[in-house]
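Inside the fold
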Amino acid sequence: MPELMTYEREYGVAIITIDSPPVNALGHAVRSAVVEAFEKAAQDKDVDAIVLTCGGRTFFAGADITEFGKPMKSPHLGEMLDVIEASPKLTVAAIHGTALGGGCETALCCNYRIAIPSAKIGLPEVNLGLLPGAGGTQRLPRLVGVPIALDMITSGKPINANTALDYGVFDKLADEVALRADAVAYARALVDNEAPKVRVRDREDKIAEYKGNIEVFDNFRKKNARKFRGFKAPENIIKCIEAAVELPFDESIARERELFMELMGSIESAAQRYVFFAERQTAKVPDVPNDTPTRDIKRVGVIGAGTMGGGITMNFLSAGVPVTLVEQTEEALDRGVGVIRKNYESSVRKGRMSMDAVETAMGFINPTTELEALGDADLIIEAVFEQMDIKKEIFGKLGKIAKDGAILASNTSYLDIDEIAASTNRPQDVMGLHFFSPANIMPLLEIVRGENTSKDLINTAMVLSKKIRKTPVLSRVGHGFIANRVMTVRGKQANMMALQGVSPADIDRVIFDYGFAMGPFQMFDLVGLDVIGRDANEKTVASELVARDRLGQKKNGGYYDYDENRKATLSPLAMDIIKEVADEKGVDQISADDDEILARLLYPVVNEGAKVLDENIAIRGSDIDIACIKGYNWPVYRGGPMFWADTVGLDKIVATLSDFEKRFGEAFTPSPFLEKCAASGERLSQVVNE
Ligand code: T1G
């Protein structure tokens, strides 16, 4: 373990280095070490300047999130920062890696900041449902002005070193490999040139022009209303920056503290802090140590150039991995490659990509109609129709074509990987890699482990996920795996309630108000009723709408009619069809208030998640939450179905499900595992299958 704090002297400059792996988080030991070192430097007659720097991978990456929710031990972060800012010696922060949150706030309490070109700095607290609680909302506007501070702090996005230099957050850039030497030389020169010991808190030049200017804040609120909907932190951040402009520093920093504590105590922040750690757990598989060997993936093969195959291909192209893309006909291949190019070009139009990057990515595709061309692929991903016989035929051929050690993966969204594996001569090399549509955008990747899937395949997939910027969640074989399985019950209940006479518009409104971007019927219309109703083997509302050539948004409307601006109004025709189907099925009509609608929609999701845990399909309750957040945009400030269920109370959910079971039948029978957790007080979000 490295020395937590070292204190050295060079050319009259004290160099204070903190080294606390993994990211120099500002936990109690670190804060105490910084205070001790600064008090020593203050008394040290041989130094007239201080360089504060960190060892390891990064400058302080923020407060220690593991301390949140526990009593904070002195010196608090604010007390540490006061010691730095009050230092009688000129102070320089020397930055590498990512100076984030409290790390950024620490740098802003030094007189000057120097960084290497690869460094980044930012205030990402909003991602934790918080705000910078140690002066970040007060000092950053004093360096960059109000508009940039509003953007930076409510987005949580760090800026790179050149931008930070332009904005005045960094005062100087060091040589990439000489941060320490350059920082000492810089501090020495500042003192020799009698540079002022600037305290950022005393700077007014960048905020004075905004005094009394309420429009800048109100316009910012209006512009971001949709993005901030449901979140508490952004509004509190805006209030802090307003206070920075209008109030004296000591009053406005007190206001920041008040608004910070309000968030720290909120369920939303607890949920977002939980998600921060939960998404870092999903790659950890209890019986697959992270030093398990991995296979080298230099060339990938994708079978199927349709929507999924094309999207999957883009993930590898964007990561610089060559892809042999196989389709049955030249025409299908050309269409698939054309869609890939079109998708990239829309990223160029949105300013997310350059045309050069597009050409580079497109250069990695090797389109072919020959399955044999996959003979040199290290990983082959099948993305063809969801029909078991087609998949088994393909995997049978792959067993003969693929080189030894090649990974054979199916993108199936629910079929049995073990049955597919049995059609090859190498079941140990077979797994599921289930991408979510659009595959080049949605972050979730379900890694499906078959009975015979070897452990090095699992670790290879975990490492590969990071490379293609996906969040991996491990699933065992089971219909629908994790995300689709638990979220499908929500759609079923929505359809059932509509037949019982509850308005689809009310159902969509309740789900929208809960925090989803749209409700189930709006989603059915968006995805397309021909797709939604594809597997129906009975008369349904969706099949009847399709029969009348109403496919949803893409053609003639669906549950809703859409005007030229795509404004939706509930379709009277759809309501007639719902009544017609309900009458034919003899469905009893009910009325339900918003609370019952929400419970009918989401408690069965919780119940299904409990079954997924009980059947050992998912390792953790938190993995189910990450799967729903990353695969279905479950509102992150709700934490996911498991975390949310814990906040509602499992006993309340079990009692309500039992009531629904009496009224509406066995679809609501509480899972015995859920009942056990409710009785024992165990939280679903904390369940781990070892
Ligand atoms: N506290 C505690 N542990 C942390 C941590 C933190 N702030 N940041 C990372 N870790 C752990 C993480 O759990 C993982 O542990 C390991 O470090 C590597 O992380 C008062 C209130 C810095 C960009 O929000 O964004 O300051 O799993 O896998 O991909 O205003 O970590 O290995 O055991 O993510 O290279 C604000 C959060 C806090 C930054 C590195 N700071 N961290 O990414 O590695 S609130 C943040 C990150 C605050 C003040 C407020 C990233 C990273 P393990 P990793 P990475």
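Throughout what follows, the structure given in this document is the object of discussion.

Thresholds, definitions, all that
- Residues numbered from 1 in each chain as written.
- Predicted model: local features only at pLDDT ≥ 70, side-chain atom pairs only at ≥ 80, totals over all residues.
- Heavy atoms only, no water.
- Pairing = 2+ DSSP bridges.
- Helix = DSSP H or I, 4+ residues; strand = E, 2+ residues; numbered from the N terminus.
- Axes fitted to C-alpha atoms, helices over the stretch in contact; angles between N-to-C directions.
- Contact = heavy atoms within 4.5 Å.
- Buried < 20%, exposed > 50% of the residue type's maximum accessible area, 1.4 Å probe, protein only.
- Right-handed = clockwise from strand over helix to strand, strands pointing away.

1. Side note on the sheet that holds strand S11 (residues 323–326)
Paired through their backbone hydrogen bonds, the strands of a sheet run either parallel or antiparallel. Taken together, the eight strands give an open sheet; going across it, the order is S12-S11-S10-S13-S14-S15-S16-S17, and neighbouring strands pair in mixed fashion. Lying at the two open borders of the sheet, with one neighbouring strand each, are strand S12 (365–368) and strand S17 (471–476). Between one strand axis and the next, the sheet turns through 25° on average, direction left out of account. In this sheet, S11 lies alongside strand S10 (residues 300–303) in parallel orientation, the contact comprising four bridges. Bridge assignment links Ile-303 to a residue of S11, and that residue is Val-326. Sitting on the sheet, helix H15 (residues 388–401) touches S10, strand S13 (379–382), strand S14 (407–410) and strand S15 (430–435), and the angle it makes with S14 is about 170°.

2. Describing unusual backbone geometry
Following Pro-21, the chain continues to Pro-22 via a peptide bond in cis, the omega torsion being 5°. Geometrically, the link from Ser-437 to Pro-438 is a cis peptide bond, its omega value of -10° lying close to zero. Positionally, Pro-438 belongs in the loop between S15 and strand S16 (444–449). Here the phi dihedral of Glu-194 falls at roughly 55°; this positive angle occurs in a residue that is not glycine. Within the element layout of this structure, Glu-194 appears in the loop between helix H7 (179–192) and helix H8 (214–228). You can call Glu-194 exposed: its relative accessible area is 70%. The phi torsion at Asp-549 lies on the positive side, around 60°, for a residue other than glycine.

3. Structural notes on the sheet that holds strand S6 (residues 112–115)
Pairing is mixed across the open sheet formed by six strands, whose spatial order is S1-S2-S3-S4-S6-S9. Each having just a single partner strand, strand S1 (5–10) and strand S9 (172–173) make up the two edges of the open sheet. Sheet analysis places S6 next to S9, joined by two bridges and oriented parallel. Each bridged residue has a counterpart across the sheet, and for Ala-115 the counterpart in S9 is Leu-173. Taken strand by strand, H7 contacts S1, strand S2 (13–18), strand S3 (49–54), strand S4 (90–95), S6 and S9, and its axis lies near 155° from that of S4.

4. Considering the pairing of S17
Most of S17 is tucked away, with five of its six residues classed as buried. Pairing geometry for S16 and S17, over six bridges, is parallel. When the sheet's bridge partners are listed, Ile-447 is paired in S17 with Leu-474. Where the polypeptide runs from S16 across helix H17 (residues 455–467) and back to S17, its parallel neighbour, the crossover connection is right-handed.

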